[in-house]
Amino acid sequence: MNKTESVVVVKDLKKYFPLKISWLEALRKKEKPTVKAVDGISFDIKSNEALGLVGESGSGKTTVGRSTIRLIEPTNGSIKIHNQDIMRLKGENLRKARKNFQIIFQDPMASLNPYMSIGKSVMHPLEIHNIGSSFKERKEMVLELFNKVNLKPSSEFFNRFPRQLSGGQRQRVVIARAIITNPKFMVSDEATAMLDVSVRSQVLKLMLQLKDEYKLAFLFITHDLASAKYICERISVMYLGKIVEIASTRELFEHPLHPYTKILMGAIPIPDPTIKRNKIMPKGEIPSPTDMPTGCRFRTRCPYAKKECEDMDMKLIDMGNNHLSACPFIK
Amino acid sequence: MSQENSLEIKNLNIEYLTRSGTVHAVKDASFSVAKKETLGIVGESGCGKSTTGHAILKLLPSNARTKGEIVYKGRNVLTMPEKEVRHLRGKDISIVFQDPMTSLDPIMRVKDHFLELMRAHKPNVKEEEVIQTASEALEAAGVSKKRLDNYPFEFSGGMRQRVMIALGIALKPNVIVADEPTTSLDVVVQEQIMEVFRHLKKTKDMSIVLITHDLGIVAELADKVVVMYAGEVMEYADVYNLYKNPLHPYTQLLLKSVPNIKIDDMELHHIPGSLPDLKNLPQGCRFYDRCPFAKEKCKKEEPPIFKVDKREVRCWLYE
């Protein structure tokens with residue numbers, strides 16, 4: 001892969017959250033216990049490419065999204081977005097850089113100020129980053145974007161408030177606000193999870209269209225493999241803070257290698273009553289991130305686990321075709 | 001009407017009176033649930049599926065107005081006095097809610113939840129009996145009986161949902177209403193819970209009313225399906241025919257817009273437009289605005305239910 005054309009390059013990203021302990025325990029123990037939410041993951045995304053980040057709750061996928069754009073401070077790692085070293089930026093410089101990377105959250109109602117008209121909400125980033133010279137010019141830009149995200153008639157929508165919109169429309173507003181600064185990199189954190197099926201596809205289509213138009217590097221975080229399939233060129237699967245598999249979408253769906261990916265795929269219900277599958281299910285439940293198994297983190301639930309899994313280091317191995325998997329035993 | 005039905009819903013109408021107007025949540029819904037059958041009620045938010053499910057146990061809020069019949073053992077639940085409905089709940093008809101954290105009492109042990117449930121029906125029940133019943137129910141739902149003394153916070157989301165199901169089946173009800181039982185869970189845990197339901201279907205003599213927005217779950221568990229849109233039953237059919245040959249345009253579009261994991265199907269479909277306002281419904285068909293086959297007649301007249309070989313569909317196309 002040619003590194004120079006990647007818009008986003010993340011290396012060895014780590015985020016450890018310290019656990020609260022009583023002062024007595026603190027005196028006894030030397031090392032503070034931590035939750036390793038993200039434990040050394042690397043990825044890169046080119047322009048006009050969407051990378052899916054799929055995993056169950058607690059796998060650390062949201063933490064990856066937020067620490068990549070420094071909404072939370074990573075413990076370690078290097079992040080380059082559009083040739084800029086994000087980890088070194090501070091204060092005003094970081095704020096200025098933020099126009100290049102934006103995020104869309106799951107709940108649009110929580111992302112929008114209920115007392116601000118949606119037109120003003122979308123205009124706000126322009127004011128912060130000093131784009132456009134007058135109110136009139138900025139409003140013009142907002143109206144144009146409203147047309148693009150299908151909030152029509154745009155001049156009517158400009159003065160509406162979030163509560164007057166449907167869930168799908170609100171998410172369009174949030175997307176418009178994220179795209180208006182013309183970013184290079186976009187994180188979507190479960191942006192379609194709350195929407196109904198008939199509306200979900202509308203929003204997915206819009207994201208695809210904008211990705212193409214703005215040549216965005218897109219990090220698409222979701223628990224829903226099926227949605228990721230439509231958006232992403234490549235998909236990475238996370239389990240307990242580690243990426244266990246990463247491959248092109250087609251490759252991943254046709255030849256999933258890691259046992260966890262196989263299980264995840266088998267668990268998705270198929271809307272066809274004639275299909276009866278033989279499902280492999282994991283043993284037990286996801287272990288607590290404060291007390292992680294040694295070696296492969298999935299071994300306690302893996303149906304194929306053996307002795308060697310206890311002391312291996314979950315490194316991604318290239319299995320050919322740019323298909324990386326953390327399980328050396330299944331090829 | 002056949003004797004084999006454990007539940008019959010006839011011309012059910014539900015309205016909510018609110019300050020800003022009357023919300024017509026359910027209109028003229030009729031369907032039945034046979035013994036040992038799983039009926040899926042599927043639809044998007046605001047279609048009235050949960051309202052219908054809650055009405056079966058008479059659990060609607062005080063601003064709800066109901067008309068029609070919900071017949072259980074020859075009697076209409078909707079007109080039964082509250083005291084008698086209480087005897088039904090849990091013992092004859094039970095419900096499993098979507099969110100297991102808010103449905104379990106955080107300061108009560110699992111055992112106490114069973115105790116409370118059983119005391120409601122048998123005030124002087126012995127503790128041994130409670131433990132016996134609870135152990136059996138937990139076992140069936142895949143929870144070890146060792147966890148009877150645990151509090152809800154000591155369980156994971158999936159385990160809590162299993163406890164909820166165990167509470168639902170403890171008194172061997174004839175009907176269990178499951179309202180989005182897997183919605184807040186991860187796919188892998190969801191599959192484990194579906195396995196519990198599959199097991200219940202095989203081993204217990206009860207009817208399940210499965211309320212969900214997920215067409216995949218319906219396909220895997222249900223025998224018959226009711227498709228609801230904006231408070232109306234649009235289609236009512238057995239699961240194989242519904243998925244093979246959906247009749248109502250809404251069902252057709254809905255099935256198309258579900259993301260699936262077949263890699264060769266990369267086309268994204270959606271239904272244009274949005275749900276009509278339930279306070280201010282259109283005169284004709286409620287799906288008129290979004291329907292690709294809409295005719296002049298659909299705008300003016302609301303379609304009745306048409307029967308098409310043992311199936312039911314609310315659409316003028318089948319007149």
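Just so it is clear, the model here is predicted, and its values are computed rather than measured.

## Remarks on the overall build of chain B
A tally of regular secondary structure across chain B gives 11 helices and 12 strands. Taken against the 2.2 N^0.38 rule, which gives 20 Å for 319 residues, the C-alpha radius of gyration of chain B at 20 Å falls within 12% of a compact globule. C-alpha extents for chain B along the principal axes are approximately 65 × 50 × 40 Å. In chain B, buried positions account for 56% of the 319 residues. Here the analysis covers contacts within chain B between residues at least 6 apart in sequence; of these, 64% occur between residues at least 24 apart. Once the 45 positive and 44 negative side-chain charges of chain B are each reduced to a mean point, those two points are 4 Å apart.

## What about helix α7 (residues 187-203) of chain B?
Spanning 17 residues, α7(B) covers 24 Å between terminal C-alpha atoms, matching the ideal 24 Å at 1.5 Å per step. Counted residue by residue, α7(B) has 12 buried out of 17 residues, so it is predominantly covered. Buried residues of α7(B): B:Val187, B:Val188, B:Val189, B:Gln190, B:Glu191, B:Gln192, B:Ile193, B:Met194, B:Val196, B:Phe197, B:Arg198 and B:Leu200, and no others. In this structure, the buried residues of α7(B) make contact with α12 (259-267) of chain A together with α5 (127-141), α6 (157-169), β7 (175-179), β8 (207-212) and α8 (215-221) of chain B.

## Overview of the packing of helix α8 (residues 167-179) of chain A against helix α9 (residues 197-214) of chain A
All names here are of chain A. At a closest axis distance of 10 Å, the pairing of α8 and α9 adopts a crossing angle of 15 degrees. Relative to α9, the element α8 lies roughly parallel. Of the two possible hands of crossing, α8 and α9 adopt the one that is right-handed. Residues Gly168, Gln171, Arg172, Ile175 and Ile179 of α8 lie in contact with α9, whose contacting residues are Val199, Gln202, Val203, Leu206, Met207, Leu210 and Tyr214. Partitioned by chemical class, the residues of the contact of α8 with α9 number 8 nonpolar, 3 polar and 1 charged.

## Structural notes on the interface of chain B and chain A
Counting residues at the interface gives 42 residues for chain B and 39 residues for chain A. Both faces combined, the contact of chain B with chain A buries some 3600 Å², and carbon together with sulfur accounts for 62% of it. Considering only the surface of chain B that becomes buried against chain A, B:Ile261, B:Ile263 and B:Leu268 emerge as the three largest contributors, covering 21% of it. Run the count over chain B and chain A and you get 1 salt bridge. With its nearest N and O atoms 3.0 Å apart, the salt bridge here joins B:Asp264 to A:Arg250. Counting across the interface, chain B meets chain A through 14 residue pairs in polar contact (both at pLDDT 80 or more). Of all the elements in the fold, those that place two or more residues in the side of chain B that touches chain A are α7, α8, α9 (239-244) and α10 (249-257) of chain B.

## Here's the deal with the nonpolar core
If you look at the biggest cluster of nonpolar residues, it comprises 70 residues, and the most contacted ones within it are A:Met207 and A:Leu225. Counting contributing residues per domain, this core is built from domain 1 (3-232) and domain 2 (257-331) of chain A, each supplying no fewer than three. If you look at the next biggest cluster of nonpolar residues, it comprises 63 residues, including B:Ile70, B:Val85, B:Val258 and B:Phe306.

## Focus on the side chain of A:Arg70
Residues and elements named next belong to chain A. Residue position: Arg70 is located in the loop between α2 (61-68) and β4 (76-81). Assessed through its relative accessible area of 11%, Arg70 is described here as buried. A polar contact of 3.2 Å, which involves the side chain of Arg70, links it to the backbone oxygen of Met87. Residue contacts for Arg70: discarding those within four places in its chain leaves Ile86, Met87, Arg88, Leu89, Leu94 and Arg98.

What counts as what
Residues numbered from 1 in each chain as written. Chains lettered and ligands numbered in written order. Predicted model: local features only at pLDDT ≥ 70, side-chain atom pairs only at ≥ 80, totals over all residues. Heavy atoms only, no water. Helix = DSSP H or I, 4+ residues; strand = E, 2+ residues; numbered from the N terminus. Rg over C-alpha atoms; globule rule 2.2 N^0.38 Å. Buried < 20%, exposed > 50% of the residue type's maximum accessible area, 1.4 Å probe, protein only. Contact = heavy atoms within 4.5 Å. Lys, Arg positive; Asp, Glu negative; His and termini not counted. Charge placed at Lys NZ, Arg CZ, Asp CG, Glu CD. Expected span 1.5 Å × (residues − 1). Axes fitted to C-alpha atoms, helices over the stretch in contact; angles between N-to-C directions. Parallel < 35°, antiparallel > 145°, perpendicular 65-115°, else oblique. Left-handed = near helix turned anticlockwise from the far one by under 90°. Nonpolar A, V, L, I, M, F, W, Y, C, P; charged D, E, K, R; others polar. Buried area = accessible area lost by both parts, 1.4 Å probe. Salt bridge = Lys/Arg side-chain N within 4 Å of Asp/Glu carboxyl O. Polar contact = N/O pair within 3.5 Å; in protein donor to acceptor, adjacent residues only side chain to side chain. Core = buried A, V, L, I, M, F, W, Y, C linked by side-chain atoms within 4.5 Å. Domains from an automatic or database assignment.

Shape descriptors only; they carry no functional weight alone.
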